[in-house]
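Structural features, examined
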Amino acid sequence: MFKVAEKFVSINGEARRAGELAVFIRFTGCNLNCTYCDTAWAIPLDAPHTEMSKQDIIKYIQDTGVNNVTLTGGEPLLQEEIEDLIIDIISLNRRVEVETNGAVSISSLQETAKKLSLRDELSITLDYKCPGSGMEELMLMENYDQLREYDTVKFVVMDRDDLDKARAVIERYDLINRRVAVYLSPVFGKIESKEIVDYMIEHKLNGVTHQLQQHKFIWDPNARGV
């Protein structure tokens, strides 16, 4: 059984499919506790949730009629049998995006993608937790050697130190030349977009995308289920 904190249809607020409709399945439980976490209520394993079987989740997704599926949390890769769920969702001709926090190995999921010859049917959005998060020391850097061209790295930044670290990781792992999508997102209310854009200009960050969390501008920034 899966512990589902919430499920809903909205638009993707960020990453490659920002602005597109998506079905969101949010799981409880996270192994990090970032300073700026906007879903802290879902961190505990025993956070309010509904227990759903794989079949329950599949039926819900089918009933929505939406093709993009975003698995998020919490940390979705902590869920047992998450790979079986992902494969079954993809078999419905859906595209799955897994939002993972960077502190859990993605190797098994990437091996599955290779074995099944998956392309953009499966996309991993991998967070790098910059210094401002308080969680940087828990990042699994071996994940960065396994990224595919269909994957995304997201840096949530709150100040120039975070921007410097993001740039260092981008360069060290040659993310742009490897055609991994790279996004810089501001911590809501902590840094102005102009500062991020000025930094991108200063350091000629070609191929990097600045993004805003669209759902926080359309709805109340603290709203759930959007």
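Just above sits the structure.
Each chain carries its own residue numbering, running from 1 in the direction its sequence is written. Residues qualify for local features only when their pLDDT is at least 70, as the model is predicted, and side-chain atom pairs are given and counted only at 80 or more; totals for whole chains, interfaces and linings, by contrast, use all residues. Here the side-chain values reflect all heavy atoms present in the structure, with hydrogen atoms and water set aside.

Digging into the packing of helix α2 (residues 82-90) against helix α3 (residues 107-115)
Contact geometry of α2 with α3 gives a least axis separation of 11 Å together with a crossing angle of 30°. Once α2 is placed against α3, the crossing between them reads as right-handed. For the pair α2 and α3, the contacting residues are Glu83, Ile86 and Ile87 in the first and Ser108, Leu109 and Thr112 in the second. Charged residues are taken to be Asp, Glu, Lys and Arg, nonpolar residues to be Ala, Val, Leu, Ile, Met, Phe, Trp, Tyr, Cys and Pro, and polar residues to be all remaining types, Gly included. Of the residues in the contact of α2 with α3, the class split is 3 nonpolar, 2 polar and 1 charged. Helix axes are fitted only over the stretch in contact, all axes being lines through C-alpha atoms; the angle between N-to-C directions runs from 0 to 180 degrees. Helix and strand definitions follow DSSP, with helices as H or I runs of at least four residues and strands as E runs of at least two, each counted in order from the N terminus. Handedness of a helix crossing follows the sense of rotation of the near helix relative to the far helix, less than a right angle counterclockwise being left-handed and clockwise being right-handed. A contact between two residues is defined here by any heavy atoms of the two lying within 4.5 Å.

Quick look at the sheet that holds strand β2 (residues 21-27)
If DSSP finds at least two bridges between two strands, the strands pair. Reading across from one edge, β3-β1-β2-β4-β5-β6-β7-β8-β9 is the order of the 9 strands in this open sheet, with mixed pairing throughout. The sheet terminates laterally at β3 (50-52) and β9 (208-210), the two strands that pair on one side only. Strand-to-strand twist across the sheet, computed as the mean angle between neighbouring axes with direction ignored, equals 30°. Across 3 bridges, strand β1 (residues 2-11) lies against β3 in antiparallel orientation. Opposite Val4, over in β3, you have Thr50 as the bridge partner. The sheet strands contacting helix α1 (residues 54-64) are β1, β2, β3 and β4 (68-72), and the helix crosses β1 at an angle near 10°.

As for the packing of aromatic side chains
Note on ring pairs: Phe, Tyr and Trp rings are taken, using the six-membered ring of Trp, and paired if centres are within 6.5 Å. Classes follow the plane angle, with under 30 degrees stacked, over 60 edge-to-face and the rest tilted. Considering all chains together, one arrives at 5 aromatic pairs under this definition. Ring centres of Phe8 and Phe24 lie 4.9 Å apart, and the angle between their planes is 10°; on these two criteria the pair is classed as stacked. Taken together, the positions of Phe8 in strand β1 and Phe24 in strand β2 put the pair 16 residues apart, joining distant regions of the chain. Across the pair, Phe24 and Phe8 agree in class, each one buried. A centroid spacing of 6.1 Å and a plane angle of 65° characterise the contact between Tyr128 and Tyr144, whose relative ring orientation is edge-to-face. Of this pair, Tyr128 sits in strand β6 (residues 122-129) while Tyr144 sits in the loop between β6 and β7 (152-157), placing them 16 residues apart in sequence. On the basis of relative accessibility, which here comes to 5%, the residue Tyr128 falls in the buried class. Relative accessibility under 20% of the residue-type maximum defines a buried residue, over 50% an exposed one, and the middle range a partly exposed one, all with a 1.4 Å probe and only protein chains included.

Examining the nonpolar core
Within the largest apolar cluster, 59 residues are counted, with the highest numbers of intra-cluster contacts made by Leu71 and Phe155. For Leu71, the residues in contact, after removing those within four places along its chain, are Ile25, Phe27, Pro76, Ile82, Ile86, Ile89, Val96, Glu97, Val98 and Glu99. The nonpolar core is taken to be a set of buried Ala, Val, Leu, Ile, Met, Phe, Trp, Tyr and Cys residues, with the residues joined through side-chain atoms within 4.5 Å.

Focus: the pattern of salt bridges
The rule for a salt bridge is simple: a side-chain nitrogen of Lys or Arg has to be within 4 Å of a carboxyl oxygen of Asp or Glu. Applying the stated rule across the entire model yields 13 salt bridges. The partner of Glu171 in a salt bridge is Arg167, with the nearest N and O atoms 4.0 Å apart. Of this pair, Glu171 and Arg167 both sit in helix α4 (residues 160-172), separated by 4 residues, roughly a single helical turn. On the basis of relative accessibility, which here comes to 53%, the residue Glu171 falls in the exposed class.

Such coordinate-based values are descriptive only and should not be taken to indicate function.
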